[in-house]
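# Tertiary structure, described
What follows is the residue order along each chain.
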Amino acid sequence: MEIRAEKLKGALDVLEPVVPRKPRLPVLTHILFRNGMAVATDLTTRASVRLEEVVEPLLLPGKQLYDILRFIPGYEVVRLKPQPSGQVVLEAGDTTAILPALPAGDFPPSPNDAWEVEARVDGDALLRGVTQVAVCAATESSRPVLNAVCLTAGPEVEAAAADGFRLSWIRVPVELPTPDGQPRRLLIPADAVSLWETVWKRAPKPLTVGPGGTLVDVAFATRHIQFAYNTTTLQLAFGAVAITFTLIAGDYINYRQIVPTRFHSRVSAFAEDLALALRRVGASAPKAPVRLRWDAAAARITVGAAHEDAAVITMGVKAKVEGAGGKTALSGRYLADYLKGKSGPMTIDVLDESSPVLLSYPEAAPYVLMPMFVSWDGDGKAEGPRAEQA
């Protein structure tokens, strides 16, 4: 096999996120070169990069190969030569290295999937929608479906994620058909979404503009994804890269039932002011509740937090209050997660202190937070989180 170092390094850079740091099998730390492809897998996600230079099958340790290539100029030609001993000799300019290799047959086989549906969609729009809600997926759960981002294909494409205490959902402006025209829910593991985002950023952007296109046209050109799925697997192909996920089996929650539709109060404030107040009152601990009170006459929302020594710290934030005054207690960490990176006006819609709270921000996915039980008498300590409602 002969290939330019720059091209080989580029392929390994795309595959690196899929190689597990703590593999269940030693072979998973290796990259398979076979049939014009370089492939990596963690058994749940499988990624491949098309390399026409690949002829004979090779199974090489990914990290060792990448570490060697780091010091080889991109213009050099890399030659990989299998030896009778089972090792592989790498030659590039003045560099020679010997790599341990495994039999190519040891690599987990590629599933022979027959796709029920294939479609070409706007990859940026699809990924943007999925990643916006992925933060709400559970990281540890006795219900595996909550570890997923639920992507609903059909007449109205929607992405949603929930962990039992928070929920986010968003309409995705792409067309994803289903075999029978009815909505189909695809449960994509949340960690696979993270891998998808990393691989998407690292993969070369294909030049999809026509003749006479400028660099500006290239920068703003739509990147398409070839989207294919069946009942167990989802594949995304873009340019020379393909990434395949094993879908989570099960029925997703009916999250639309959780979304509040009636409100007694709407509070509008600047997101950066609320974020500052959270930091000042110290309400960002994982299970610490932040207490929110609002008053239409005072045109402000008071952010407060109780601490272990029973001290209560509060800070007032200017706000526009529509409807009745009120109060609620939310997870400080989850609220801080939502506010991160946001500036400008946002709204908080509330029915009462025991009801879910709807947070809205322009061009962002709606976000629902479940309230927490607190002792409001004298603003003492929190009693604990409200039971999981999702």
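Described below are features of the structure shown in this document. For clarity, every value in this text was computed on a predicted model and none was experimentally measured. (Residues numbered from 1 in each chain as written. Predicted model: local features only at pLDDT ≥ 70, side-chain atom pairs only at ≥ 80, totals over all residues. Heavy atoms only, no water.)

### Points about the pairing of strand β11 (residues 158-162)
Judged by how many residues are buried, β11 sits mostly within the fold: five of five residues are covered. Along β11, one buried face is formed by Glu-158, Ala-160 and Ala-162 and the opposite face, lined by Ala-159 and Ala-161, is buried too. Pairing analysis gives three bridges linking strand β10 (residues 148-153) to β11, with the strands arranged antiparallel. The partner of Cys-150 across the bridge, within β11, is Ala-160. Linking β10 to β11, which pair antiparallel, is a turn of four residues; within it Gly-154 sits at a positive phi near 135°. Where β11 lies against strand β12 (residues 166-171), five bridges are found, and the strand directions are antiparallel. Pairing of Ala-162 across the sheet is with Leu-167, part of β12. (Buried < 20%, exposed > 50% of the residue type's maximum accessible area, 1.4 Å probe, protein only. Helix = DSSP H or I, 4+ residues; strand = E, 2+ residues; numbered from the N terminus. Pairing = 2+ DSSP bridges.)

### Some remarks on the packing of aromatic side chains
Under the defined criterion, the tally for this structure stands at five aromatic pairs. Taking 4.9 Å as the distance between ring centres and 70° as the angle between the ring planes, the aromatic pair formed by Trp-200 and Phe-238 counts as edge-to-face. With Trp-200 in helix α4 (residues 190-202) and Phe-238 in strand β15 (residues 233-238), this pair connects stretches of sequence that are 38 residues apart. Using a relative accessible area of 5% as the deciding quantity, one classes Phe-238 as buried. Here Arg-166 stacks its cationic end above the ring of Tyr-334, 4.0 Å away from the centre of that ring. (Phe/Tyr/Trp six-rings, centres within 6.5 Å; stacked < 30°, edge-to-face > 60°. Lys NZ or Arg CZ within 6 Å of the ring centre and 35° of its normal.)

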